[in-house]
Amino acid sequence: MNKEVGFDRYLALPWIDAAYWLAVKSLPWPQAKHQLYDLFEGEIPGAESRKKTARLLRHLWLRPQENVHMLHQWALQQQVAPEYRPWLHYGMALAQYPFFNDVCLHLGRLLKIQGGCSRKQLQQRLIQHYGERETVTRSVDRLVQTLVSWGFLQHDSQLITAAPALVLNATQSAWLYACSVTGTEDGQATLSNLETSPRFFPFDCDFCIASDFTYLTHLEIVSHGQSGDLLLHVLK
């Protein structure tokens, strides 16, 4: 059985920024939807495409999954400069869409090994896990386009490369790590593995300790092994 893609739309930065602020204001969905559709005017052709894009934005910020409630509420309370807001979008996408998580992991690996990659190379990596479907290749293209819009990638006609890394403090880094663990299938990871994971290629993350995660009550943080490493585990 093919794995679900889910994140299959291009989300321009102004659209997802708007969804974030509509969530901050706790605007009811009918009103929020109307404002999003105003943004789509002249940008997204076709009623069905506008509907699907609005649905993805609603899922990311306006009506997220129950298991990301703590992550979502913390993100809405952040007073960050506009250039930092894409980090919040990236985290919420990691937490709710395994496909987004997987694309960023493979993208980070290719960038680390080669310094850059083609869309074809990235698509082939994802096809191995999600099957050879048009939905997969098309969604990879849209996700790359999205990450370019958010400022995390640079892309010309041939090569995808990383933009300069965004520096995060320990609290911000811990939230991002928690988002990733929440969005993975097994729901757990050691802190050392998170700190070296290629999926965080857009960021220069700070060193974290156990107390940086204490406000995230959906996570259990325990000592792991003799090295003193920490294991982050999502409570069911």
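Everything discussed here concerns the structure shown above.
**Student:** Would you mind showing me how to read unusual backbone geometry here?
**Tutor:** In the Ramachandran plot, Ser-26 falls in the positive-phi region, its phi being about 55 degrees despite a non-glycine side chain. Position of Ser-26 among the secondary structure elements: in the loop between helix 1 (13–24) and helix 2 (29–40). The exposed category is assigned to Ser-26, whose relative accessible area is 61%.

**Student:** Even after reading the chapter, I still don't get the side chain of Asn-101, so can you show me in this structure?
**Tutor:** Summarising the element assignment, Asn-101 is placed in helix 6 (residues 98–114). Polar contacts involving the side chain of Asn-101 include one to the side chain of Arg-199, which spans 2.5 Å. Residues within four places of Asn-101 in sequence aside, it is in contact with Leu-94, Ser-180, Gly-183, Thr-184 and Arg-199.

**Student:** What exactly am I supposed to notice about the packing of helix 5 (residues 85–96) against helix 9 (residues 170–183) here?
**Tutor:** The packing of two helices is summarised by the inter-axis angle and the distance between the axes. Here helix 5 crosses helix 9 at 25 degrees, and the two axes come no closer than 6 Å. In terms of orientation, helix 5 and helix 9 fall into the roughly parallel class. Across the interface between the two elements, Trp-87, Leu-88, Tyr-90, Gly-91, Met-92, Leu-94 and Ala-95 of helix 5 pack against Gln-172, Trp-175, Leu-176, Cys-179, Ser-180, Thr-182 and Gly-183 of helix 9.

**Student:** Teacher, can you tell me more about the pairing of strand 7 (residues 229–234) here?
**Tutor:** For a regular strand, side chains alternate in direction, first toward one face of the sheet and then toward the other. The buried fraction of strand 7 amounts to 5 of the 6 residues, a majority that puts the element mostly inside the structure. In this structure, strand 4 (residues 188–190) lies alongside strand 7, joined through 3 bridges in antiparallel fashion. In the sheet register, Gln-188 faces strand 7, and the bridge partner there is His-233. Counting the residues in the hairpin turn of strand 6 (residues 219–224) and strand 7 gives 4 residues, including Gly-225, whose phi is positive at 75 degrees.

**Student:** I would appreciate a short explanation of the nonpolar core in the present structure.
**Tutor:** Among soluble globular proteins, nonpolar side chains are generally buried collectively. Trp-61, Tyr-90 and Phe-100 are the most contacted members of the largest nonpolar core, which has 80 residues in total. The element best represented in this core is helix 1, accounting for 8 residues. Leaving out residues up to four positions away in the same chain, Tyr-90 has contacts with Phe-100, Cys-104, Leu-147, Trp-150, Phe-152, Leu-176, Arg-199, Phe-201, Pro-202 and Phe-203.

**Student:** Teacher, can you tell me more about the packing of aromatic side chains here?
**Tutor:** Aromatic ring pairs are described here by two measures, namely the spacing of the ring centres and the angle between the planes. By the definition in use, this model includes 18 aromatic pairs. A centroid spacing of 5.6 Å and a plane angle of 90 degrees characterise the contact between Phe-7 and Tyr-97, whose relative ring orientation is edge-to-face. One end of the pair, Phe-7, is in the segment before helix 1; the other, Tyr-97, is in the loop between helix 5 and helix 6, with 90 residues separating them in the sequence. In this structure Phe-7 comes out as buried when scored by relative accessible area, which is 0%. Aromatic pair Trp-74 and Tyr-215: ring centres 5.8 Å apart, planes at 25 degrees, arrangement stacked. Placement of the pair is Trp-74 in helix 4 (residues 69–76) and Tyr-215 in the loop between strand 5 (203–204) and strand 6, with a sequence separation of 141 residues. Take Tyr-215: its relative accessible area is 23%, and that puts it in the partly exposed class. Aromatic rings pair up to connect Phe-7, Tyr-90, Tyr-97, Phe-100, Trp-150, Phe-152 and Phe-203 into one cluster. When the ring centre of Tyr-130 is taken as origin, the NZ or CZ atom of Lys-3, which lies over that ring, is 4.6 Å away. Taking the ring centre of Trp-29 as reference, the NZ or CZ of Arg-58 above it sits at 5.2 Å.

**Student:** Just to check I follow, could you spell out the packing of helix 6 against helix 8 (residues 134–149) for this structure?
**Tutor:** Viewed as axis vectors pointing N to C, helix 6 and helix 8 meet at an angle of 75 degrees, and their least axial separation amounts to 11 Å. In terms of their interaxial angle, helix 6 and helix 8 are classed as roughly perpendicular. Where helix 6 approaches helix 8, its residues Phe-99, Phe-100, Val-103, Cys-104 and Leu-107 are matched on the opposing element by Val-136, Ser-139, Val-140, Leu-143 and Leu-147. For the contact of helix 6 with helix 8, the class distribution of residues is 9 nonpolar, 1 polar and no charged.

**Student:** Even after reading the chapter, I still don't get the pattern of salt bridges, so can you show me in this structure?
**Tutor:** Where charged atoms of side chains with opposite charge meet at close range, the side chains can pair. As enumerated under the stated definition, the model contains 5 salt bridges in all. Lys-3 is the salt-bridge partner of Asp-102, the closest N and O atoms lying 3.7 Å from each other. Of this pair, Asp-102 sits in helix 6 while Lys-3 is found in the segment before helix 1, placing the two residues 99 residues apart along the sequence. Owing to a relative accessible area of 35%, Lys-3 belongs among the partly exposed residues under this scheme.

**Student:** Hey, could you run me through helix 2 in this one?
**Tutor:** A turn of α-helix holds 3.6 residues, and therefore any two residues three or four places apart point the same way. Compared with an ideal rise of 1.5 Å per residue, which puts 12 residues at 16 Å, helix 2 spans 16 Å between its outermost C-alpha atoms and is within 8% of the ideal. Along helix 2, the positions that sit buried rather than exposed are Trp-29, Ala-32, Leu-36 and Phe-40. Down the axis of helix 2, the buried side of the element spans an arc of 85 degrees, and every buried residue falls inside it. Helix 2 presents Pro-30 and His-34 as exposed residues on the side facing more than 90 degrees away from its buried surface. Among the structural elements, helix 1 and helix 3 (47–62) are those in contact with the buried residues of helix 2.

Scoring rules and cut-offs
- Residues numbered from 1 in each chain as written.
- Predicted model: local features only at pLDDT ≥ 70, side-chain atom pairs only at ≥ 80, totals over all residues.
- Heavy atoms only, no water.
- Helix = DSSP H or I, 4+ residues; strand = E, 2+ residues; numbered from the N terminus.
- Buried < 20%, exposed > 50% of the residue type's maximum accessible area, 1.4 Å probe, protein only.
- Polar contact = N/O pair within 3.5 Å; in protein donor to acceptor, adjacent residues only side chain to side chain.
- Contact = heavy atoms within 4.5 Å.
- Axes fitted to C-alpha atoms, helices over the stretch in contact; angles between N-to-C directions.
- Parallel < 35°, antiparallel > 145°, perpendicular 65-115°, else oblique.
- Pairing = 2+ DSSP bridges.
- Core = buried A, V, L, I, M, F, W, Y, C linked by side-chain atoms within 4.5 Å.
- Phe/Tyr/Trp six-rings, centres within 6.5 Å; stacked < 30°, edge-to-face > 60°.
- Lys NZ or Arg CZ within 6 Å of the ring centre and 35° of its normal.
- Nonpolar A, V, L, I, M, F, W, Y, C, P; charged D, E, K, R; others polar.
- Salt bridge = Lys/Arg side-chain N within 4 Å of Asp/Glu carboxyl O.
- Expected span 1.5 Å × (residues − 1).
- Arc of directions from axis to C-beta.

Keep in mind these numbers describe shape, not what the thing actually does.
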